[in-house]
Amino acid sequence: MNITELQSKLDVQKWLESETKGRDMCGAYDFCAYCENEEEFPCANAYERCRSKAVEQTAVQRADAKPEVVEQPLDCDEEVAADVAPDPVKKKRVTLTFEQRLAQSSDDIKDLHRLVCSILTDAGLKSSMTRSSHNFTCRRKVAVKIRLCKRYIRLHMALDPSAKRYAKIPHKDDSDKKTHVKTPFAFKVSSPLSVRRLQRIAPDLLG
């Protein structure tokens, strides 16, 4: 499996588990500790780094172990596999790109996505579609990450969640998650009020 296929597999698994558990699973896996968010394939590279680290640690432990010791430490890859390996049913699922997930979304979500994109474009941001996500950038830096949910759209934005300016706007601070260190402002768009709020804060994304 090449790096592109691995990224797609992990993206689908994350999306399915996020829908099932009702929360964003980004940052919830063991390999997320090795994530470099600005990479082209962040999840796949983090997974491979975690596996390489586990192999290295296992080799060191085996070298230091006494001859009579027969226990083998649990490989990090085994832990990751337990987290991300799809069950037999999920193995039959087709790997979905962001555009395919959007195509399978409800008409309401499609309309909301178009509206959000229009607001961000009007604010001066540039659309950047990848196989796994839809981002908006400013001066080549990711300013917004769009995530599709069943009944709403979640935006992770490059804004300061603790700024007084946003005190009256409902949002979450996801700065503790490695995947959102540079886009910590988590904002849910699901209603006309949230759309108006997005229109108000979108220009701030230009810095």
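Residues numbered from 1 in each chain as written. Predicted model: local features only at pLDDT ≥ 70, side-chain atom pairs only at ≥ 80, totals over all residues. Heavy atoms only, no water.

### Section: the pairing of strand β6 (residues 185-189)
Then, in step 1: Burial within β6 is extensive, with four of its five residues counted as buried.
Then, in step 2: Note: strand β5 (residues 172-173) against β6, two bridges, orientation antiparallel. When the sheet's bridge partners are listed, K172 is paired in β6 with A186. (Buried < 20%, exposed > 50% of the residue type's maximum accessible area, 1.4 Å probe, protein only. Helix = DSSP H or I, 4+ residues; strand = E, 2+ residues; numbered from the N terminus. Pairing = 2+ DSSP bridges.)

### Remarks on the pairing of strand β2 (residues 134-138)
Then, in step 1: For β2, the buried fraction is high: five of the five residues fall into the buried class.
Then, in step 2: Taking every second residue as pointing to the same face, both faces of β2 are buried, with H134, F136 and C138 on one and N135 and T137 on the other.
Then, in step 3: Bridging between strand β1 (residues 126-129) and β2 involves four bridges; their strand directions are antiparallel. Across the sheet, K126 pairs through a bridge with T137, a residue of β2.
Then, in step 4: Here β1 hands over to β2 after four residues, the two strands then running antiparallel side by side.
Then, in step 5: In the sheet, β2 pairs with strand β3 (residues 141-148) via five bridges, with the strands oriented antiparallel. Bridging across to β3, N135 finds its partner in K145.
Then, in step 6: Once β2 ends, the chain turns through two residues before running back antiparallel as β3, passing R139 with a positive phi of about 55 degrees.

### Brief notes about the confidence of the model for the chain
Then, in step 1: The predicted model of the chain averages 82 in pLDDT, with 83% of residues at 70 or higher.
Then, in step 2: When the elements of the chain are averaged for pLDDT, helix α3 (residues 76-84) gives the smallest value, 45, and β6 the largest, 96.
Then, in step 3: For residues 69-82, every residue scores under 50 in pLDDT, and the model assigns this stretch 17 contacts once sequence neighbours within four places are set aside. (pLDDT = per-residue confidence, 0-100. Contact = heavy atoms within 4.5 Å.)

### Quick word on the environment of M129
Then, in step 1: Position of M129 relative to the elements: it lies in strand β1.
Then, in step 2: Residue M129 is classed as partly exposed on the basis of its relative accessible area of 36%.
Then, in step 3: Each C-alpha atom, one on M129 and one on F98, is 8.4 Å from the other, the two residues being 31 residues apart in sequence.
Then, in step 4: Sequence-distant contacts of M129, that is, excluding residues within four places in its chain, are made with F98, E99 and H134.

### Some points on the nonpolar core
Then, in step 1: Grouped together as the largest cluster of nonpolar side chains are 30 residues, with contacts concentrated most on L120, V144, I146, L155, M157 and L198.
Then, in step 2: Of all elements in the fold, only α4 (98-103), α5 (107-122), β2, β3, β4 (153-157), β6 and α6 (192-201) reach the threshold of two or more residues within this core.
Then, in step 3: Sorting elements by how many residues they give to this core places α5 first, with six residues.
Then, in step 4: Filtering out sequence-adjacent residues up to four positions away, V144 remains in contact with L120, L125, H134, N135, F136, L155, H156, M157 and L205. (Core = buried A, V, L, I, M, F, W, Y, C linked by side-chain atoms within 4.5 Å.)

### Looking at the side chain of H113
Then, in step 1: Here H113 lies in helix α5.
Then, in step 2: For H113, the side chain forms a polar contact with the side chain of H134, separated by 3.0 Å. (Polar contact = N/O pair within 3.5 Å; in protein donor to acceptor, adjacent residues only side chain to side chain.)

### Examining the pattern of salt bridges
Then, in step 1: Summed over all chains, the structure comprises four salt bridges.
Then, in step 2: Among the salt bridges present, the one from R165 reaches D204, with a minimum N-O distance of 2.6 Å. In this pair, R165 sits in the loop between β4 and β5 while D204 sits in the segment after α6, placing the two residues 39 residues apart along the sequence.
Then, in step 3: A relative accessible area of 51% means that R165 is categorised as exposed.
Then, in step 4: Given the relative accessible area of 23%, D204 is considered partly exposed.
Then, in step 5: When the shortest N-O distance is used, the salt bridge between K172 and D174 registers 4.0 Å.
Then, in step 6: Owing to a relative accessible area of 43%, K172 belongs among the partly exposed residues under this scheme. (Salt bridge = Lys/Arg side-chain N within 4 Å of Asp/Glu carboxyl O.)

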